[in-house]
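# Structural features, examined
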Amino acid sequence: MKVTDIHSHFIPREWENLQKKFGGNNWPWMAHKTAANDNLNRQTSSAMLMRGSQEFRPVYSACWDPQIRLDEMDRDGVDKQIISATPILFAYDRPVAQASYCAQLFNDAALDICAKNNKRLFALAQVPLQDIDASCIEVSRAKACGHVGVQIGNHVGEKNMDDKGILTFLQHCADEDIPVFVHPWDMMAADRTKDYMMGWTVGMPAETQLSIVSMILGGGFDHISEKLKICFAHGGGSFAFLLGRLENAWLHKDIARGHSQHPPSHYLNRFYLDTAVFDHDALALLVKKMGPDRLMFGTDYPFPLGEQQMGQLIKSANELDQQTKQKLLSDNAEQFFTL
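In this report, the structure presented in the accompanying data block is examined. Given the structure is predicted, the values throughout are model-derived calculations rather than measurements.

Right, let's get into the sheet that holds strand β8 (residues 180-183). Pairing is parallel in the open sheet, where eight strands are placed in the order β1-β5-β6-β7-β8-β9-β10-β11. Because the sheet does not close on itself, it has two edges, and the strands there are β1 (4-10) and β11 (295-296). Across the face of the sheet, helix α6 (residues 198-217) comes into contact with β8, β9 (230-232) and β10 (272-274) while running at roughly 145° to β9.

Structure representation (structure tokens):
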């Protein structure tokens, strides 16, 4: 079966010193544990992604070495993979000029990785989403350079997905046929979820559900062209499981309807979800709620909380027929991203 992974991340091996260039602190950088010219097997090459002086996440060479990535794709039978920046690179809290510089820097780096095999590796751009005009300029430039879509964070500061500026950007993407992948970041309740990786296991799903609900109740889908192609990461978080709760509130309390013209279930044909849910029952629920045409295979590779045997969740799902598995594994993604 053909397999296309829409949700994988990259980090360049190195980039210029942004703190030295712009000043300030907490800029991301890489602290490598092995020298660039060492004689070790490349598979063992590892680094610590830093935020200023603080350790953020251990990573290994699949993040920046396209050959390692391709080897591991071959190991698991993945034909194509779409790479996107790790959200720490977004720079949404920086001045617009600095964030625009970072977007171009990392967008070009993504294409450099994909150049190893541009029949199998594809890239999503990032944009300085705190400034909508600059974002529209950069996403159009990125598309012209070869990016197949754009990844955005699910919020900018206190602005959710129903913010007028973000909706303007999404309409620009609809007009230019640029697919959008929405990824959670900068998770809520950071102090209360700082232990046990709860920022990832609790915060990320909560942020994803919030982004979908804000788009629905904020009237986003009512006002944006149906040409918009938009996909939310991590199976939509808890959205599918709690859709009944959302629907019940909409039907019985005026205040719960927000600015939406229809009940929440009306909008299920307006967006896609990836399948990074790691559980057959959760996958079956997504297929039942969203339908087999609105789901795309995603792994969160190459991070430890991603799917470790890429594609096995769908391939081993006994309740899904072969046609549905093929749609989820590749057909929907190839159509969505025009691969």
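This part is about the sheet that holds strand β4 (residues 54-60). The strand order β2-β3-β4 describes an open sheet built from three strands, whose pairing is antiparallel. A single partner strand is all that each edge strand has here, and the edge strands are β2 (28-32) and β4. Neighbour to neighbour, the strand axes of the sheet diverge by 30° on average, direction disregarded. Two strands pair when backbone bridges link them, and strand β3 (residues 46-51) and β4 are joined in this way by six bridges, in the antiparallel orientation. The residue of β4 that forms the bridge with Ser46 is Tyr60.

Within helix α9 (residues 280-290), burial applies to Leu283, Leu286, Val287 and Met290. One side of α9 carries all its buried residues, which in axial view fall inside an arc of 95°. Opposite the buried face of α9, at more than 90 degrees from it, the exposed residues are Asp281 and Lys288. As for α9, its buried residues are in contact with α8 (239-252), β10, β11, α10 (312-315) and α11 (322-337). Taking the backbone nitrogen of Asp281 as reference, a side-chain oxygen 3.0 Å away marks Asp279 as the first, capping residue of α9. At the C-terminal side of α9, Gly291 shows a positive phi close to 90°.

What follows covers the pairing of strand β7 (residues 149-153). Burial of β7 is extensive: five of the five residues sit out of reach of the surface. Where burial is concerned, the two faces of β7 agree: the one with Gly149, Gln151 and Gly153 and the one with Val150 and Ile152 are both buried. In the sheet, strand β6 (residues 121-125) pairs with β7 via two bridges, with the strands oriented parallel. Looking at the pairing, Ala125 lines up with Val150 of β7. Inspection of the sheet shows β7 paired to β8 by four bridges, in the parallel sense.

This part takes up α11. An ideal rise of 1.5 Å per residue puts 22 Å on 16 residues; α11 measures up with 22 Å between its terminal C-alpha atoms. Residue Leu328 marks the point of greatest curvature in α11, where the axis turns by about 50°. Taken together, the buried positions of α11 are occupied by Thr324, Lys325, Gln326, Leu328, Leu329, Ser330, Asn332, Ala333, Glu334, Phe336 and Phe337. A side-chain oxygen of the first residue of α11 lies 3.3 Å from the backbone nitrogen of Gln323; this N-cap is Asp321. The positive-phi residue at the C-terminal boundary of α11 is Thr338, with phi of around 55°.

One side chain can pair with another of opposite charge once the charged atoms of both are near each other. In total, this model carries ten salt bridges according to the counting rule given. Notably, a salt bridge pairs Asp93 with Arg94, separated by 3.8 Å at the nearest N-O pair. On the basis of relative accessible area, Arg94 is assigned to the buried category, the value being 15%. For Asp177, the salt bridge is made with Lys229, and the minimal N-O distance between the two is 3.7 Å. Here Lys229 lies in the loop between α7 (220-223) and β9 and Asp177 lies in the loop between α5 (164-175) and β8, a separation of 52 residues in the sequence. By relative accessible area, Asp177 is classed as partly exposed at 41%.

So, on to the pairing of β3. Relative to β3, β2 is paired through five bridges, and the arrangement is antiparallel. Within β3, the position partnered with His32 by the bridge is Ala47.

Turning next to the state of the cysteines. The term disulfide refers to a covalent linkage connecting the sulfur atoms of a pair of cysteines. Under the definition given, this model contains zero disulfides. Its sulfur unpaired, Cys63 is 14 Å from the next cysteine sulfur, which belongs to Cys114.

Moving on to the environment of Asp274. Residue position: Asp274 is located in strand β10. In this structure Asp274 comes out as buried when scored by relative accessible area, which is 0%. The spacing of Asp274 and Gly235 is 39 residues in sequence and 5.0 Å in space, taken between C-alpha atoms. When neighbours within four sequence positions are excluded, Asp274 is seen to be in contact with Ile6, His7, Phe181, Cys231, Phe232, Ala233, His234, Gly235, Leu286, Met296 and Gly298.

Here is what the cut-offs are and how they apply
Starting from 1, residues in each chain are numbered consecutively following that chain's sequence as written. It should be noted that, the model being predicted, local features are given only for residues of pLDDT at least 70 and side-chain atom pairs only at 80 or more, the latter also being counted only at that level, while totals for whole chains, interfaces and linings use all residues. Heavy atoms from the whole structure form the basis of all side-chain values; hydrogens and water molecules are not counted. At least two DSSP bridges between two strands are required for those strands to pair. Runs of H or I in DSSP of at least four residues are treated as helices and runs of E of at least two as strands, each being numbered from the N terminus. Throughout, a contact is declared for two residues whenever any of their heavy atoms are within 4.5 Å. Working convention: axes come from line fits to C-alpha atoms, limited for helices to the stretch in contact. Angles between N-to-C directions cover 0 to 180 degrees. When a residue's accessible area, from a 1.4 Å probe over protein chains only, is under 20% of the maximum for its type it is buried; when over 50% it is exposed; and in between it is partly exposed. Working definition: the arc comes from the directions between the helix axis and the C-beta atoms, pointing outward to the latter. In protein, a polar contact requires one atom able to donate a hydrogen and another able to accept it; more generally it is a pair of N or O atoms within 3.5 Å, and residues adjacent in sequence count only if both atoms are side-chain atoms. To estimate how far a helix should reach, multiply one less than its number of residues by 1.5 Å. The angle between axes fitted to the seven residues ending at a residue and the seven residues starting there is what we call the bend at that residue. By definition, a salt bridge exists where a carboxyl oxygen of Asp or Glu is found within 4 Å of a side-chain nitrogen of Lys or Arg. Sulfur atoms of two cysteines make up a disulfide when they are within 2.5 Å.

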